[in-house]
Amino acid sequence: MEVIILPTKEECAYLGAGIIANLIRDNPKCVLGLATGSTPVPVYNELIRLHKENNLSFAEVTTFNLDEYIGLSADHPCSYRYFMQEQLFNEVDVDLNATHVPNGLADDVQSECESYEELITKSGGIDLQILGIGSDGHIGFNEPCSSLSSRTRMKTLTGETIEDNSRFFDSVDDVPRHCITMGVGTILDTRSVLLFAFGEGKADVISQSVEGPITSMVPASALQLHQRVKVIIDDAAASKLSNIDYYKEVYANRP
Ligand code: PGA
C-alpha cells in the first residue's frame with residue numbers, strides 16, 4: 001500500500017483526479033470503478049473541471065459503480081444511479097450506455113449480481129477502482145464479516161451504516177436495509193485502487209485498515225493483499241496512523 005498524506009481533502013482530490021485523468025489519456029477506453037458517498041465528490045468535481053477546462057474526454061470510458069440500494073429506482077434522489085448522474089455523468093461526455101450501476105429494482109437479485117460480474121469480465125476488468133471507506137471499515141457495502149473472496153451479491157446494511165447514511169434521507173427509517181454490492185473479491189480483482197478518506201471521523205478505521213491485521217471484521221484491510229493501492233488521505237484521517245513520518249518520507253522521496 002502506498003499511503004499518501006496531504007494537508008487537505010482538496011489536495012487529495014486534485015492528486016487523485018490527476019491520476020485518473022492520466023489513465024484516461026493513456027487509455028481512452030479504460031474501465032473505471034466508481035464510488036458514491038461524500039468522499040468522492042471533490043474528486044468528481046475536479047474531473048468535471050478537467051473535462052470542461054482541459055478537454056479530458058470520457059467518451060470511450062466504461063464505468064461500474066460499486067453498489068446500489070435495493071428498492072430504490074434510478075430516478076429516486078437517494079439512489080446511487082441518481083447520485084452518479086448528478087455528481088458526474090451529466091457533467092461530462094461519458095456514454096450513459098457504458099455506465100453501469102447495479103439495478104436496485106431487479107426482480108431476480110441473484111441473476112442481477114451474476115450479470116454484473118459477467119459484464120465486468122466482458123469489459124476486460126476494472127483498470128482503476130475509486131473507493132471511500134465506511135466508519136465500520138466497509139468498502140462498497142461489504143460490511144464487517146464479509147467474505148474476503150466475496151463477489152457481487154445482496155448484503156444487509158449494518159445499523160452504523162444506516163445511521164451514517166441517514167443524512168441523505170428524510171429519516172433513518174427511509175434508509176433501505178439491503179443493497180447489491182460488488183464483493184471484496186471483485187474489488188481485489190481490479191488492476192489498481194485509489195482509496196480516499198477525509199476527516200477525523202475516518203482516522204480510527206484508516207489506522208485499522210492500513211496498519212491492523214487483515215480481517216473480515218474490517219473489510220478494507222483486505223486491500224493489504226492488493227498489489228496496487230494508493231491510500232490518499234488528509235492529515236485528519238491519517239492522524240491515528242503509527243508510521244506517518246515514514247509514509248510522508250516515502251512520498252516526498254518518490255522516484
Ligand atoms: P462517505 O461514505 O464518503 O459518505 O463518508 C463512505 C462509504 O460509506 O464508503
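Residues numbered from 1 in each chain as written. Predicted model: local features only at pLDDT ≥ 70, side-chain atom pairs only at ≥ 80, totals over all residues. Heavy atoms only, no water.

Draft legend 1. Layout of a negative patch on the surface. On the surface, a cluster of negative charge is made up of Asp107, Asp108, Glu114 and Glu118. Within the secondary structure, Asp107 is located in the loop between strand E5 (99-100) and helix H4 (109-122). Among the residues examined, Asp107 registers a relative accessible area of 83% and is labelled exposed. (Patch = residues over 30% accessible without salt bridge, like charges linked within 9 Å, V, L, I, M, F, W, Y side chains within 5 Å. Areas by Shrake-Rupley, 256 points an atom, 1.4 Å probe, with all protein chains shown as cover. Salt bridge = Lys/Arg side-chain N within 4 Å of Asp/Glu carboxyl O. Lys, Arg positive; Asp, Glu negative; His and termini not counted. Charge placed at Lys NZ, Arg CZ, Asp CG, Glu CD. Helix = DSSP H or I, 4+ residues; strand = E, 2+ residues; numbered from the N terminus. Buried < 20%, exposed > 50% of the residue type's maximum accessible area, 1.4 Å probe, protein only.)

Draft legend 2. Structural context of the sheet that holds strand E6 (residues 128-131). Strand order in the open sheet formed by seven strands is E1-E10-E9-E6-E2-E3-E5, and the pairing between neighbours is parallel. Of all strands in the sheet, those bounded by a partner on one side alone are strand E1 (2-6) and E5. Sheet topology places strand E9 (residues 193-197) next to strand E10 (residues 229-234); five bridges connect them, and they run parallel. When the bridges of E10 are listed, Ala197 appears paired with Ile233. (Pairing = 2+ DSSP bridges.)

Draft legend 3. Quick peek at the layout of surface pockets. A volume near 590 Å³ is recorded for the largest pocket. Along the wall of the largest pocket there are 33 residues; nearest its centre are Thr36, Gly37, Ser38, Asn165 and Arg167. Elements supplying a minimum of two residues to the lining of the largest pocket: strand E4 (67-69), helix H3 (80-87) and helix H5 (159-165). Counting residues per element, the lining of the largest pocket draws most heavily on H5, at three residues. Looking at side-chain class alone, the lining of the largest pocket contains 14 nonpolar, 14 polar and five charged residues. There is about 190 Å³ of room inside the second largest pocket. The wall of the second largest pocket is formed by Ile19, Leu23, Asp127, Leu128, Arg191, Ser192, Val193, Leu194, Arg228, Val229 and Lys230. Those elements that place two or more of their residues in the lining of the second largest pocket are helix H1 (9-26), E9 and E10. Across the lining of the second largest pocket, the residue classes break down as six nonpolar, one polar and four charged. (1 Å grid on protein atoms, 1.4 Å probe; cavity = no way out; pocket = protein on both sides within 12 Å on 5 of 7 lines; lining within 4 Å. Points joined across faces, edges and corners; volume = space filled by probe spheres on them. Nonpolar A, V, L, I, M, F, W, Y, C, P; charged D, E, K, R; others polar.)

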